[in-house]
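Descriptive analysis of the structure
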Amino acid sequence: QVQLVESGGGLVQPGGSLRLSCTASRFTLDDLTIGWFRQAPGKERERVSCISSNDPNTFYADPVKGRFTMSRDNAKNMVYLHMTSLKPEDTAVYHCAAAQYSFCPNAEGYFEYWGQGTQVTVSS
């Protein structure tokens, strides 16, 4: 039932950093395109970033460009989202998702496997 598992969320002050992790227990991530999505209270879920199976092909949404970076550690079956210079508007539940696709899709529907999410709160 559990597809992907996120970790690393928490409370951080504006300007701080966090690293989110995404992994799976029943399959490997190195052949999958991995995306990060976030949803804040009262807002629709939005795409944040993506790293394709043709690593290091990446995508970053405009609000996080230059601040967020994705990476893989295939030996650990992990995908990371390193977040720096965090702002209060980054506060949201962050989900990772996997797509059986060779490059980052434009539409959320292409991502087949999802995690339950990890809370990121940016506040003084």
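Quick look at the structure, then. Quantities reported herein were computed from a predicted structural model and do not represent experimental measurements.

Concerning the packing of aromatic side chains
- Following the criterion strictly, the structure yields five aromatic pairs and no others.
- The interplanar angle of 80 degrees and the centroid separation of 5.1 Å between the aromatic rings of Phe37 and Phe111 together place this pair among those described as edge-to-face. Here the residue Phe37 occupies a position in strand E4 (residues 33–39), and Phe111 occupies one in the loop between strand E9 (92–99) and strand E10 (113–114), the gap between them amounting to 74 residues. Here the two residues Phe37 and Phe111 agree in accessibility, since each one is buried.

A word on the sheet that holds strand E1 (residues 5–7)
- Read across the sheet, four strands follow the order E1-E3-E8-E7 without closing on themselves; strand pairing throughout is antiparallel. Among the strands making up the open sheet, the edge pair consists of E1 and strand E7 (68–73). Taken pair by pair, the neighbouring strands of this sheet meet at an average axis angle of 20 degrees, ignoring direction.

Let's talk about the environment of Phe68
- For Phe68, the location among the structural elements is in strand E7.
- Note on Phe68: relative accessible area 2%, which makes it buried.
- As for Phe68 and Arg26, which are separated by 42 residues in sequence, their C-alpha atoms are 27 Å apart.
- Look past the residues within four positions of Phe68 in its chain and what remains in contact with it is Arg38, Val48, Tyr60, Leu81, His82, Met83, Thr84, Leu86, Asp90 and Tyr94.

Cut-off values and rules
Residues numbered from 1 in each chain as written. Predicted model: local features only at pLDDT ≥ 70, side-chain atom pairs only at ≥ 80, totals over all residues. Heavy atoms only, no water. Phe/Tyr/Trp six-rings, centres within 6.5 Å; stacked < 30°, edge-to-face > 60°. Helix = DSSP H or I, 4+ residues; strand = E, 2+ residues; numbered from the N terminus. Buried < 20%, exposed > 50% of the residue type's maximum accessible area, 1.4 Å probe, protein only. Pairing = 2+ DSSP bridges. Axes fitted to C-alpha atoms, helices over the stretch in contact; angles between N-to-C directions. Contact = heavy atoms within 4.5 Å.

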